[in-house]
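Now for the letters of each chain:
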There are 2 protein chains.
Amino acid sequence: MLVIITYDVNTQTAAGRKRLRKVAKQCVNYGQRVQNSVFECQLDATKYRQIKANLEDIIDKEADSLRFYNLGDKYKNKVEHIGVKPSFDVTDTLII
Amino acid sequence: MLVIITYDVNTQTAAGRKRLRKVAKQCVNYGQRVQNSVFECQLDATKYRQIKANLEDIIDKEADSLRFYNLGDKYKNKVEHIGVKPSFDVTDTLII
């Protein structure tokens with residue numbers, strides 16, 4: 001299934017910026033970055049549980065937000081894109 | 001249907017920051033902000049076409065990115081959230 005992962009990590013502190021880098025690196029292990037804070041991940045149920053647990057361990061639940069959208073297996077006609085295509089360096093901490 | 005709209009607007013220029021504000025304001029007319037650059041919108045086919053057209057007119061397609069994920073009508077079990085709940089001011093230009 002295709003799972004869209006979106007996140008807001010509060011980067012007002014150094015600890016927050018570290019969490020942001022960790023979240024991004026974790027997501028890269030499971031899918032493709034399509035926007036700065038949006039990943040598209042092809043997951044089975046096991047991997048879906050894994051990444052949720054991993055991200056939950058990283059974030060500060062009082063400051064950060066994670067959302068997961070499960071588009072299922074037939075997602076081809078459910079995704080549309082307009083504009084520039086992504087070209088991201090996951091180690092980049094700059095948020096635009 | 002529930003449509004997730006995510007965007008990256010390049011805010012390196014004043015024009016970009018203006019586009020970002022316009023995109024956010026447009027999205028607010030159609031749905032609920034759940035993260036800084038993520039909106040969830042309850043749309044029929046007509047409104048879905050409208051917002052796509054409106055946003056396409058605002059963004060710079062060489063610099064900005066829009067993505068639309070259509071979760072259909074039965075989306076209740078397809079959305080998961082972890083962490084802090086959103087509380088956004090759409091007029092706020094700060095991107096965290």
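Calculation notes
- Residues numbered from 1 in each chain as written.
- Chains lettered and ligands numbered in written order.
- Predicted model: local features only at pLDDT ≥ 70, side-chain atom pairs only at ≥ 80, totals over all residues.
- Heavy atoms only, no water.
- Helix = DSSP H or I, 4+ residues; strand = E, 2+ residues; numbered from the N terminus.
- Buried < 20%, exposed > 50% of the residue type's maximum accessible area, 1.4 Å probe, protein only.
- Contact = heavy atoms within 4.5 Å.
- Axes fitted to C-alpha atoms, helices over the stretch in contact; angles between N-to-C directions.
- Parallel < 35°, antiparallel > 145°, perpendicular 65-115°, else oblique.
- Nonpolar A, V, L, I, M, F, W, Y, C, P; charged D, E, K, R; others polar.
- Least-squares fit on C-alpha atoms with pLDDT ≥ 70 in both.

Q: What am I meant to see in the overall build of chain A here?
A: A tally of regular secondary structure across chain A gives two helices and five strands. Reading chain A from its N terminus to its C terminus gives the helix and strand order β-α-β-β-α-β-β. Relative to its 96 residues, chain A shows a buried fraction of 47%. Long-range contacts, defined here as pairs at least 24 residues apart, represent 70% of the contacts in chain A between residues at least 6 apart.

Q: Help me understand the packing of helix α1 (residues 14-28) of chain A against helix α2 (residues 45-58) of chain A in this model?
A: Packed helix pairs are specified by the crossing angle of their axes together with the interaxial distance, meaning the distance between the axes. All names here are of chain A. The geometry of α1 relative to α2 is characterised by a closest axis approach of 10 Å and an angle of 170° between their N-to-C directions. In terms of orientation, α1 and α2 fall into the roughly antiparallel class. Note on element contacts: α2 touches α1 through Ile51, Asn54, Leu55 and Ile58, opposite Arg19, Lys22, Val23, Gln26 and Cys27. Classifying every residue of the contact of α1 with α2 gives five nonpolar, two polar and two charged.

Q: Honestly, the relation of the copies chain A and chain B in this entry has me stumped. Any pointers?
A: The operation linking the two copies of the chain is a rotation about an axis combined with a translation along the axis. For the pair chain A and chain B, the relating rotation is 180°, the translation along its axis is 0.0 Å, and the fit reaches an RMSD of 0.0 Å. Here the two chains are linked by the operation of a two-fold rotation axis. No C-alpha of chain A approaches the rotation axis more nearly than that of A:Leu71, which lies at 3.2 Å. Both copies present the same face, since 100% of the interface residues in chain A are matched by interface residues at the equivalent positions in chain B.

Fair warning: the whole summary comes from geometry, so function is off the table for now.
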